[in-house]
Amino acid sequence: MDRYNFELVENKWQKYWDKNKSFISKVDTSKEKFYCLEMFPYPSGKIHMGHVRNYTIGDVLSRYKSMKGFNVLHPMGWDSFGMPAENAAKQNNLNPKVWTEKNISVMKTQLKKLGLSIDWDREISTCSEDYYKHQQLFFLSLYKKGLVYKKENYVNWDPIDETVLANEQVIDGKGWRSGAIVQRKKLSQWFFNISNFSEELLNGLDNLKSWPNKVKTMQKNWIGKSFGCEINFKIQGNLPINAIKCYTTRPDTLFGFSFLAVSVDHPISKFFNENTQFIKFKNECSKTGTTEESIAQGEKIGFNTGLFAVNPLDTEQKVPVYFANFVLMDYGFGAVFGCPAHDQRDLDFALKYNLPVKTVVMPENKDETFKVKKEAYTGPGVIINSNFLNGLKVPNQSINKTIDILEEKQLGKKKINFRLKDWGISRQRYWGCPIPIAYDKDDNVLTVPEDQLPVKLPENIDLNVKGNPLDKAENWKNIKINGKDCIRETDTLDTFVDSSWYFLRFCSPKNKKHGYDLDEINYWMPVDQYIGGVEHAILHLLYSRFFMRAINYKNRNFKITEPFEGLFTQGMVCHETYKDENNNWVSPDEVETEDKKNFYIKKNPSKKVKVGPSESMSKSKKNTIDPEEIINNYGADSVRLFILSDSPPEKDIQWSEQGMVASYKFIQKLWMLHKKFKIRIEENSNNKNEEIAVFINQMIKKINYNLEKFNYNVIVANLYEAYNFLSQKLNVAIDKKTLLDNYIKFLSIISPIIPHFASECLSDLKLNPLQKWPEIDKNLIKEDTVEYVIQINGKKKGTIKCMKDISEEELIEKIKNNQNTKKILESKKIKKSFFVKNRLINILI
RNA sequence: GCCCUCGUGGUGAAAUUGGUAGACACAAAGGACUUAAAAUCCUUGCCCUUUUGGGAGUGCCAGUUCGAGUCUGGCCGAGGGCACCA
């Protein structure tokens, strides 16, 4: 074959891998395991470039580890419950299952075309009964352990999707999927008691050595641990309220007490429910809470209760009690003590309502006349104007000391608070895992007996109803448990529950009895390398970490707490955006240019197109490139090569047609090189030449280093370098053994990246297409000459080649005598010199 | 507002962790081959010098060091996360 025919070759090897079950994994305790997992896709229809990048990164790693002799588990499955299926089914009047299965089959074919080394025997789909049956069992087990409960509370209601959203799914007051403005609504909901594990989830982060710090910081902030103190403030006034409890992290500023503020949902609000002005105020608050946050710009508003709170450290001092919009009921006790001088929100509030601002902390470099005016002082310093607290150092001394005093006088208690709230898992949707719960006539909660699991979703259901279709499915809803008439729970589980344990299921996907098999998970878990988008930094990763602890809880057999040993978050794939004269998005394949300046619509060159910034590919901006089309045009190896080449995997990458073409050409050039190698090998020359061997061994060293560090873009550069070197060296005959040995090594190191091509070349030479990862021949890379950099007063003046390990004096002598370098030191007096062995010398003159 | 990350040619980026800045690739310009184009290959890449050479240079300003893209402090800019969390 003259030109490399990727179509024939790729097809051939994909069939070969399938037929030979090349990537099927089994427990083998004699081998070290490596569990490589990429975040499984939602089957939305077709794969996109983000998938290509994600799965190529994982595939390179899997193939490399496998060549190194690890027993690799590299599975794939489908996160197949969720809203889009339900919406698409509604539109096309079919069952979500049918829509989902069709998409899975399309996407599976597409993924196979990428040549991924996936163990397809382990394929799972979260919407299958085999899968969600076990999820229902987990739910019941958690329920029995007291980690699931039901409570009535305010929820984030998405009026478009008509479903409840978790706090994490509300972005800027809008639903993460629908974009609708989220409303507050009171509903009875199921919750996972994730806050029970706040402390452990926080501490566990310290053990995750191979996680990006960025993700750990985000989770840490999300869990939001704070140290403080609860204080019971005595209340005076004409209402039957004796005291209000507050949580504070700054008890040391108590002498700056200026007002007490409570949430409008605080229990004391019941005394104001008849007060029309209060009702008006409450409405005002709910507006600023979720909606026009930006317009209100965080304006603080309050409603005076007429009550007074007594300062526990100075019972003479009495301050007004307000309802305030910036106090949240679901954090602390829904009440705060206001110290305007040292908290910006309190200061804003105090200035608005003319409340006193008393400075009680001064910075170290100021004196006691220091006064807070328009900016609260929150930094370190010394306590002032605070009676017996004066002189304490802020924050270390002052906070602990004040808490001690308050505890001693029984006015307060040390307390640790978390921001993390329990995980609401109820969704009013059809296409999700049914919750195995029923209610009898008296509304008692009953669990569905295990022998009746799975609770299957009803088929043939009318989705075109308002609200939850399951609620309207009378045949399905009404059941008997132990002979009693019951009604099923019609909520389904949040799809984040599905993805919180799928990595366990991959270890024993066909086990009918249990969701996981202990022997299997003890061998395979944890996931050694998890790879996916940073957008899941909090939700999915935190939920999975929780879920392991929840199974672990009161279960001696289950040993896993952290599911993901290593985490890698890859960047997005971006493309320029285009808009026509009417400001409509235009897709890249409709756009053309001749001079890189003027872009126009292909079919109609008079129609100009505006070029916008490069953004992550999305259907809404029409700046997507279809991977299947690209694979058909250039081949999977070229796509893999390109998607790895231009940027470090953790950063965003620009899609570039030119870059894609360059990768394609490179593979063609490699094929020419292959043919050259083949001819040289067949020549059977005796011309010994170690240069190639030295080069290849150095190359392996570099590539090992870059593989371990995920510098995949540098590896591609290394391959180009290798090509440039080899194509020159092959101009003369070289002995067969050196050539063959080193060419095999070269083909081995390129095979994780372009596996079809490497396999084809190896088999063309009648060699095993699945090679071991090459060892470095240490004798070859042990160089006996080195090149020294010569610096004069810190500036580079030249280089000199000499024997390795020579002394400083010898080197200076050499520089003085060498033809090229002697003028550097001519008639100069050396004051001092710095010598870095085998590397550099810096001479001061 | 708070927290995190990052600023290197026309562009995407390298730099073995304090030791030759710009590997590798894209784009551009010039050249070779060709009747011509495409493809391919070679050269160039900031400033001064015809060349040999020399100089500046990693967002800006200072500092530490024999030596700083890399470390420290301050400023400017970009991106991401969180947002009344008391």
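What you see is a predicted model; the values in this text were computed from it and never measured.

Before going further, it helps to spend a moment on the sheet that holds strand β28 (residues 567–570). Hydrogen bonds between backbone atoms are what pair the strands of a sheet, whose relative direction is either parallel or antiparallel. Taken in spatial order, the 4 strands of this open sheet run β2-β1-β27-β28, and their pairing is parallel. Each edge of the open sheet is held by one strand with a lone partner, namely β2 (71–73) and β28. Strand-to-strand twist in this sheet, taken as the mean axis angle between neighbours without regard to direction, amounts to 20 degrees. Judged from the 4 bridges that link them, strand β27 (residues 529–533) and β28 form a sheet pairing that is parallel. Opposite tyrosine 530, over in β28, you have leucine 567 as the bridge partner. Each of β1 (33–38), β2, β27 and β28 touches helix α2 (residues 49–67); the most contacted strand, β1, lies at about 175 degrees to it.

Turning our attention to the pairing of strand β11 (residues 243–248). Relative to β11, strand β10 (residues 226–236) runs antiparallel, the two sharing 6 bridges. The residue bridging glutamate 230 from the neighbouring strand is tyrosine 247, located in β11. What sits between the antiparallel neighbours β10 and β11 is a turn of 6 residues, in which glycine 237 has the positive phi angle 155 degrees.

Right, let's talk about the confidence of the model for chain A for a bit. Here chain A shows a mean pLDDT of 89. Residues at 70 or above account for 97%. Low pLDDT, under 50, characterises residues 289–296; the stretch is placed with 7 contacts to residues that sit more than four places away or in other chains. Here the predicted complex carries an ipTM of 0.93, next to a pTM of 0.92.

Tallied over the full model, the rule gives 62 aromatic pairs. Measuring from ring centre to ring centre gives 5.3 Å for phenylalanine 192 and tryptophan 423, while their planes differ by 70 degrees; the resulting arrangement is edge-to-face. Linking phenylalanine 192 in strand β9 (residues 183–192) with tryptophan 423 in strand β20 (residues 423–424), this pair joins segments that are 231 residues apart in sequence. Taking relative accessible area as the criterion, phenylalanine 192 reaches 1% and is therefore assigned buried.

Here threonine 490 lies in the loop between β25 (484–488) and β26 (492–493). Looking at threonine 490, the relative accessible area reads 10%, which means it is buried. Here aspartate 471 takes part through its side chain, which lies 3.4 Å from a polar atom of the side chain of threonine 490. Setting aside residues up to four positions removed in sequence, threonine 490 forms contacts with Arg429, Asn468, Leu470, Asp471, Trp476 and Lys477.

On to the nonpolar core, then. In terms of nonpolar packing, the biggest core is built from 87 residues, with Tyr35, Phe139, Phe192, Tyr502, Phe503, Leu504 and Phe547 touching the most fellow members. Among the elements that take part in this core, helix α16 (residues 539–552) stands out by supplying 9 residues, more than any other. If we ignore the near neighbours within four places in the chain, the residues touching phenylalanine 192 are Phe139, Leu142, Leu147, Val148, Asp422, Trp423, Ile425, Val497, Phe546 and Phe547.

To continue, consider empty space enclosed by the protein. Evaluated as defined, the whole model comprises 2 cavities of 30 Å³ or more. Volume-wise, the second largest cavity comes out at about 40 Å³. What lines the second largest cavity is simply Tyr4, Phe6, Glu10, Tyr634, Asp637, Ser638, Tyr664, Ile667 and Gln668. Those elements that place two or more of their residues in the lining of the second largest cavity are α1 (6–19), α18 (636–645) and α19 (657–683). When its residues are assigned to classes, the lining of the second largest cavity shows 5 nonpolar, 2 polar and 2 charged.

Attention now moves to the protein's contact with RNA strand B. Around RNA strand B, the surrounding shell holds 47 residues, and the nearest of these are Thr249, Tyr331, Arg345, Arg419 and Asn842. Here the atoms of RNA strand B within 4 Å of the protein split so that 59% fall in sugar or phosphate, with bases taking the remainder. At 3.2 Å, a side-chain N or O of threonine 248 approaches a sugar or linking oxygen of RNA strand B. Interatomic distance of 3.1 Å between a side-chain N/O atom of asparagine 713 and a phosphate oxygen of RNA strand B. Every element with two or more residues in the surface near RNA strand B is listed here: α7 (213–223), β11, α19, α21 (712–729), β35 (785–792), β36 (795–803), β37 (832–836) and β38 (840–844). Counting residues per element, the surface near RNA strand B draws most heavily on α21, which supplies 6 residues. Residue composition of the surface near RNA strand B, grouped by class: 19 nonpolar, 12 polar and 16 charged.

Pairing is antiparallel in the open sheet, where 3 strands are placed in the order β16-β17-β18. The sheet is open, and its two borders are formed by β16 (361–362) and β18 (393–394), each paired with just one other strand. Relative to strand β17 (residues 381–383), β16 is paired through 2 bridges, and the arrangement is antiparallel. Each residue of the ladder has a partner; that of valine 361, found in β17, is isoleucine 383.

Within the structure shown, the criterion is met by 32 salt bridges. Ionic pairing is found between lysine 33 and aspartate 528, a salt bridge with its closest N-O pair at 2.7 Å. One end of the pair, lysine 33, is in strand β1; the other, aspartate 528, is in the loop between α15 (518–524) and β27, and 495 residues separate them in sequence. Comparing lysine 33 with aspartate 528, the two get one shared label, buried. Ionic pairing is found between glutamate 129 and lysine 456, a salt bridge with its closest N-O pair at 3.7 Å. Placement of glutamate 129 in helix α5 (residues 129–144) and of lysine 456 in the loop between β23 (445–447) and α12 (474–477) is noted, with a sequence separation of 327 residues between them. The structure contains a network of salt bridges with shared partners spanning Asp59, Arg63 and Arg640.

Glancing now at α19. The periodicity of an α-helix, 3.6 residues per turn, causes residues three or four positions apart to be oriented the same way. The end-to-end C-alpha distance of α19 is 40 Å, a good match for the 39 Å that 27 residues give at a rise of 1.5 Å each. In the stretch just after α19, asparagine 684 is the one whose phi turns positive, near 55 degrees.

For the rest of this paragraph, the subject is helix α4 (residues 96–113). Between the first and last C-alpha of α4 there are 26 Å, a value that for 18 residues agrees with the 26 Å anticipated at 1.5 Å per step. Those residues of α4 not exposed but buried are Pro96, Trp99, Thr100, Asn103, Ile104, Met107, Gln110 and Leu111. Across the axial projection of α4, the buried residues extend over an arc of 135 degrees, all falling on one side. At the N-terminal boundary of α4, the capping side chain belongs to asparagine 95, with an oxygen 2.7 Å from the backbone nitrogen of lysine 97. Just downstream of α4, glycine 115 is the residue with a positive phi angle, here 70 degrees.

Calculation notes
Here the residue index of a chain counts from 1 through its sequence in written order. Chain letters and ligand numbers both follow the written order, the letters beginning at A and the numbers at 1. In view of the model being predicted, local features appear only for residues whose pLDDT reaches at least 70, and side-chain atom pairs are presented and counted only at 80 or more, with totals across whole chains, interfaces and linings using the full set of residues. Remark: hydrogens and water are excluded; side-chain values derive from all non-hydrogen atoms of the structure. DSSP calls a pair of strands paired once it identifies at least 2 bridges connecting them. Numbering goes from the N terminus for both helices and strands, where a helix is a DSSP run of H or I of at least four residues and a strand is a run of E of at least two. Every angle, taken between N-to-C directions, lies between 0 and 180 degrees, and every axis is a line fitted to C-alpha atoms, over only the stretch in contact when it is a helix. A contact between two residues is defined here by any heavy atoms of the two lying within 4.5 Å. Each residue carries a pLDDT score, the predictor's own confidence in it, on a scale running from 0 to 100. Classification of ring pairs rests on two measures: the distance between centres of Phe, Tyr or Trp rings, Trp counted by its six-membered ring, which must be within 6.5 Å, and the angle between planes, read as stacked under 30 degrees, edge-to-face over 60 and tilted in between. Only protein chains enter the accessibility calculation, which uses a 1.4 Å probe. A residue is then buried if its area is under 20% of the maximum for its type, exposed if over 50%, and partly exposed in between. Any N or O atom pair separated by 3.5 Å or less is treated as a polar contact, with the protein-specific requirement of one donor-capable and one acceptor-capable atom, and with residues adjacent in sequence counted only for side-chain atom pairs. Definition used in this section: a nonpolar core is a set of buried Ala, Val, Leu, Ile, Met, Phe, Trp, Tyr and Cys residues joined via side-chain atoms within 4.5 Å. Every definition here rests on a 1 Å grid over the protein atoms only: cavities are sets of points where a 1.4 Å probe fits but cannot get out, pockets are open sets enclosed by protein on both sides within 12 Å along at least five of seven lines, and lining residues have some atom within 4 Å of a point. Grid points are joined across faces, edges and corners, and a volume is the space filled by probe spheres set on the points. For this classification, Asp, Glu, Lys and Arg are treated as charged, while Ala, Val, Leu, Ile, Met, Phe, Trp, Tyr, Cys and Pro are nonpolar and the rest, including Gly, are polar. Being near a molecule or strand, for a residue, means having at least one of its heavy atoms within 4 Å of it. By definition, a salt bridge exists where a carboxyl oxygen of Asp or Glu is found within 4 Å of a side-chain nitrogen of Lys or Arg. To estimate the expected span of a helix, subtract one from its residue number and multiply by 1.5 Å. Arc definition: it is the arc formed by the directions from the helix axis to the C-beta atoms.

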